[in-house]
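One letter stands for each residue in the lines below.
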Amino acid sequence: MTLNLRNLDLAGTQASLAPLGVGPDVGRRLFSVVHRDGATSLTCQTVRGLTKVSAAAINAQAAWPELEIVDRRRAADGFMKYLFRLPDDRVIEAVRIPLPDPAAARELKERRRRGEAPSLAALPTAKYTLCVSSQVGCALGCVFCATGRLGGIRSLQTWEILAQVRLVASEADHPIRGVVFMGMGEPFLNYDNVIRAARVLSDPAGGAISAKAISISTAGIVPAIRRFTDEGHHFRLIVSLGAPTSLQRRSLMPIEGRWPLPELMAVIRAYAEASGQRVTIAYVAIGGADGNTSVAHARDLAALVSGIKVKLNLIDVSDDTGKYQPPTADELSAFRDALTALGAPVVRRYSGGQDIGAGCGTLAASQRGGEACAGGSAAPAGPPDL
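Residues numbered from 1 in each chain as written. Predicted model: local features only at pLDDT ≥ 70, side-chain atom pairs only at ≥ 80, totals over all residues. Heavy atoms only, no water.

Q: I tried to follow the packing of helix α7 (residues 222-231) against helix α9 (residues 261-275) on my own but got confused; where do I start?
A: Packed helix pairs are characterised by how far apart their axes lie and by the angle those axes make with each other. Running from N to C, α7 and α9 cross one another at 10°; their axes reach a closest spacing of 10 Å. It follows from the interaxial angle that α7 and α9 lie roughly parallel. Residues Val222, Ile225, Arg226, Phe228 and Thr229 of α7 touch α9, and the partners they reach there are Glu263, Leu264, Val267, Ala270, Tyr271 and Ala274. Residues belonging to the contact of α7 with α9 are distributed by class as follows: 8 nonpolar, 1 polar and 2 charged. (Axes fitted to C-alpha atoms, helices over the stretch in contact; angles between N-to-C directions. Helix = DSSP H or I, 4+ residues; strand = E, 2+ residues; numbered from the N terminus. Parallel < 35°, antiparallel > 145°, perpendicular 65-115°, else oblique. Contact = heavy atoms within 4.5 Å. Nonpolar A, V, L, I, M, F, W, Y, C, P; charged D, E, K, R; others polar.)

Q: When you look at unusual backbone geometry in this model, what are you seeing that I'm missing?
A: Across residues other than glycine, the phi torsion is negative in most instances, and most of the peptide bonds are trans. Positive phi, close to 75°, is recorded for aspartate 89, a residue that is not glycine. You can see aspartate 89 is positioned in the loop between β2 (80-85) and β3 (91-99). Residue classification places aspartate 89 among the exposed positions, given a relative accessible area of 56%. Of note, the phi angle at alanine 208 is positive, near 55°, even though the residue is not glycine. (Buried < 20%, exposed > 50% of the residue type's maximum accessible area, 1.4 Å probe, protein only.)

Q: What exactly am I supposed to notice about the pattern of salt bridges here?
A: Pairing between side chains of opposite charge can happen when their charged atoms approach one another. The final tally for this structure, using the stated rule, is 17 salt bridges. Glutamate 93 is the partner of lysine 81 in a salt bridge, and the nearest nitrogen-oxygen pair spans 3.0 Å. One end of the pair, lysine 81, is in strand β2; the other, glutamate 93, is in strand β3, and 12 residues separate them in sequence. Across the pair, exposure class does not vary: lysine 81 and glutamate 93 are buried alike. One network of salt bridges, in which partners are shared, links Asp88, Arg90, Arg154 and Glu160. (Salt bridge = Lys/Arg side-chain N within 4 Å of Asp/Glu carboxyl O.)

Q: Just checking my understanding: could you explain α7 for this structure?
A: Think of an α-helix as 3.6 residues a turn; residues three or four steps apart then line up on the same face. Residues of α7 that are buried: Val222, Ala224, Ile225, Phe228 and Thr229. Each buried residue of α7 lies within a common arc of 160° when the element is viewed along its axis, so the set occupies one face. Buried residues along α7 sit against α6 (191-202), β8 (214-218), β9 (236-240) and α9. The positive-phi residue at the C-terminal boundary of α7 is glycine 232, with phi of around 65°. (Arc of directions from axis to C-beta.)

Q: Any chance you could explain the packing of helix α5 (residues 158-171) against α6 here in plain terms?
A: Running from N to C, α5 and α6 point in directions that differ by 40°, and their axes come no closer than 8 Å. Classed by the angle they form, the pair α5 and α6 counts as oblique. The handedness of the crossing between α5 and α6 is right-handed. Contact residues: Thr158, Ile161, Leu162 and Val165 in α5; Asn193, Val194, Arg196, Ala197, Val200 and Leu201 in α6. In terms of residue class, the contact of α5 with α6 is built from 7 nonpolar, 2 polar and 1 charged. (Left-handed = near helix turned anticlockwise from the far one by under 90°.)

Q: Teacher, can you tell me more about α9 here?
A: Its 15 residues place the ends of α9 21 Å apart at the C-alpha level, agreeing with the 21 Å of an ideal helix rising 1.5 Å per residue. Residues of α9 that are buried include every one of Leu261, Leu264, Met265, Val267, Ile268, Tyr271 and Ala272, and no others. Looking straight down α9, one finds that the buried residues subtend no more than 160° of arc, so they occupy a single side. The outward face of α9, more than 90 degrees from its buried face, is lined by the exposed residues Pro262, Glu273 and Ala274. Buried positions along α9 lie against α7, β9, α8 (246-252), β10 (279-285), α10 (295-305) and β11 (310-316). (Expected span 1.5 Å × (residues − 1).)

Here's what the structure looks like:
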């Protein structure tokens, strides 16, 4: 029997080790050594209270699988994309996102407002958020997404998700303080492994990342959102919308045919009411006559989210096929102004790493552009403030 401790959260670790004579307290220490310290073997010296007999029994059964870093590529804006090879030779991606100190960012914004700082001034990186993959490919087939064009291949195990964070963190010049499940795959089609990984990452004895700094994104898997609500998790929920009407959303996101907008918005409302948290609505902004950023779209979107605690997150579309183009500055400004006038809270999210295929909707295990890096080269600066 093989024992993969990297695949277990705290409760699973304690339950698996109990038959080997390991009590709950020692099990917690062992969990920490595995997930915090990246252990590849266990001894009485590395885990206080672990007996020689138990250590020998664990090591005889333990497996320590690992991902291989295939490529590190840094974009001009400091985003870094990692390519990992899985044990079955498939490839996934994770994106390291540079962030400045929040207080310094607020100070710079105020200085810009007063005309005391240039508009293109950048802040040095103080920490990172990591965008991780939860599947190889994606079965949902959103038409503007490169990952969706790969099709659904398989879900990642818990350890394969956690290894992305551990390996990137081991090379980073600043700490990883946040994780977003917005890489390759639909996280809620891999619900158990994603939630288990998030529990490990947020456990004080594990990744020690605040649960509120862990975001899980979904294109709208309604039963999973209900389960997420019922289980009362403190991780943040992001829902990708794509369009404010069922007719247009179905043409962009085939999932609309399975769980249409009225049903989706009902579970979003239920989650917001039960959790007391705002739900982030990720809205991929598309320009042109067939886009979704007209003033009429703004009215429909504001009506759709009316009375629900949400934050609208506008993200320019990144479509490698060229079929879908981002809105012009005038289109986006008019759309954003209309939403604001209608009382909808709006922010524009910066989708970085475009020159290395690391932007939202462009993850397809590619190796192109940017600067190929050895090790965890530092990011020169954080993304611009939009």
